[in-house]
Amino acid sequence: MNIAKVLMLCTAAALPAGALSGAALAETPRLTVTGEGMVAGRPDLATITLGVTSEGATAAEAMSGNSANLARVLERLKGAGIEDRDLQTTGLSLNPNWTQGPDGSAPRIEGYVASNMLTVRVRDLARLGSVLDEAVQDGANTLHGVSFALADPEPAMDEARRKAVAKARARAELLTGAAGVTLGPILEIREGGDDYRPPMPMYREAAMGAPVPVAEGEIETAARVTLVYEIVQP
């Protein structure tokens, strides 16, 4: 046995097992590819954010009027089929209404303004326009938007993941085929950048006495998967 071979064997024996396997792994030719999958579908859940704003000469009067208006809105919404679990107060405020005279005198309080924000989830989108109409008919005087979602996004996310893996593998096969090498086993799988993209809601003013028309669009669910393959040299 020559001296060089003896030195190599001695060095390998002196290295810890983990260091040896790590060094061998680092020398393994690799290919890293990323695939993205996208699934589009109709939403089945809407969230409305609306508000009740009331004015009063005193703070107590403003709060009392606001509470009465909100109670009517809640009654209307429950009558439209909205369950208690889908109604949530998300903001409550009481502020003085400051005014300043034209002569530049010191500002003074001219009454109070009470506001209450309410978040409403609508699970039957066919009734969304009617729910909006009911809310604004009896007390709700501010509407802060409508957003759409999937009540259960996991099936769409799983389908997006499957598409992402398929695209990553197809890309790896294309690259290795073009390079004249063979695609080996998968060494690593990483998932990242899952993306749930709600649509931009669109709605227009309703005619008198008609439910508010609402276009819910589509929900886009996206996933990103990275695969690390071993490359088998010919």
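Look up a bit, the structure's there.
For clarity, every value in this text was computed on a predicted model and none was experimentally measured.

Thresholds, definitions, all that
- Residues numbered from 1 in each chain as written.
- Predicted model: local features only at pLDDT ≥ 70, side-chain atom pairs only at ≥ 80, totals over all residues.
- Heavy atoms only, no water.
- Helix = DSSP H or I, 4+ residues; strand = E, 2+ residues; numbered from the N terminus.
- Buried < 20%, exposed > 50% of the residue type's maximum accessible area, 1.4 Å probe, protein only.
- Contact = heavy atoms within 4.5 Å.
- Areas by Shrake-Rupley, 256 points an atom, 1.4 Å probe, with all protein chains shown as cover.
- Axes fitted to C-alpha atoms, helices over the stretch in contact; angles between N-to-C directions.
- Parallel < 35°, antiparallel > 145°, perpendicular 65-115°, else oblique.
- Left-handed = near helix turned anticlockwise from the far one by under 90°.
- Nonpolar A, V, L, I, M, F, W, Y, C, P; charged D, E, K, R; others polar.
- Core = buried A, V, L, I, M, F, W, Y, C linked by side-chain atoms within 4.5 Å.

Some thoughts on the overall build of the protein
Then, in step 1: In terms of regular secondary structure, the protein is built from five helices and ten strands.
Then, in step 2: Out of the 234 residues in the protein, the part that is buried amounts to 29%.
Then, in step 3: For the protein, contacts bridging at least 24 residues in sequence account for 82% of all contacts bridging at least 6.
Then, in step 4: Carbon together with sulfur atoms contributes 56% to the accessible area of the protein, which is approximately 14,000 Å² in total.

Considerations on the packing of helix α3 (residues 59-79) against helix α4 (residues 128-137)
Then, in step 1: At a minimum axis separation of 8 Å, α3 and α4 run at an interaxial angle of 155°. Put simply, α3 runs roughly antiparallel to α4. Between α3 and α4 the crossing geometry is right-handed. Packed against α3, whose contacting residues are Val73, Arg76 and Leu77, the element α4 presents Val131, Glu134, Ala135 and Gln137 at the interface.
Then, in step 2: Its residues placed into classes, the contact of α3 with α4 shows four nonpolar, one polar and two charged.

With respect to the side chain of threonine 28
Then, in step 1: Position of threonine 28 among the secondary structure elements: in the loop between α2 (17-27) and β1 (30-41).
Then, in step 2: For threonine 28, a relative accessible area of 18% gives the class buried.
Then, in step 3: In contact with threonine 28, not counting residues within four places along its chain, are Leu187 and Glu230.

So, the nonpolar core
Then, in step 1: In this structure, Ile48, Leu50, Leu77, Val120, Val122 and Leu128 are the most contacted members of the largest nonpolar core, which totals 28 residues.
Then, in step 2: Mapped by element, the contributors of at least two residues to this core are β2 (45-56), α3, β4 (108-122), α4, β5 (142-149), α5 (154-179) and β10 (219-232).
Then, in step 3: Counting residues in each nonpolar core, the second largest holds ten residues, with Leu31, Ala168, Ala172 and Ile231 among its members.

What to know about the environment of lysine 163
Then, in step 1: Position of lysine 163 among the secondary structure elements: in helix α5.
Then, in step 2: Along the primary structure lysine 163 and arginine 224 are separated by 61 residues, whereas in three dimensions their C-alpha atoms are 9.2 Å apart.

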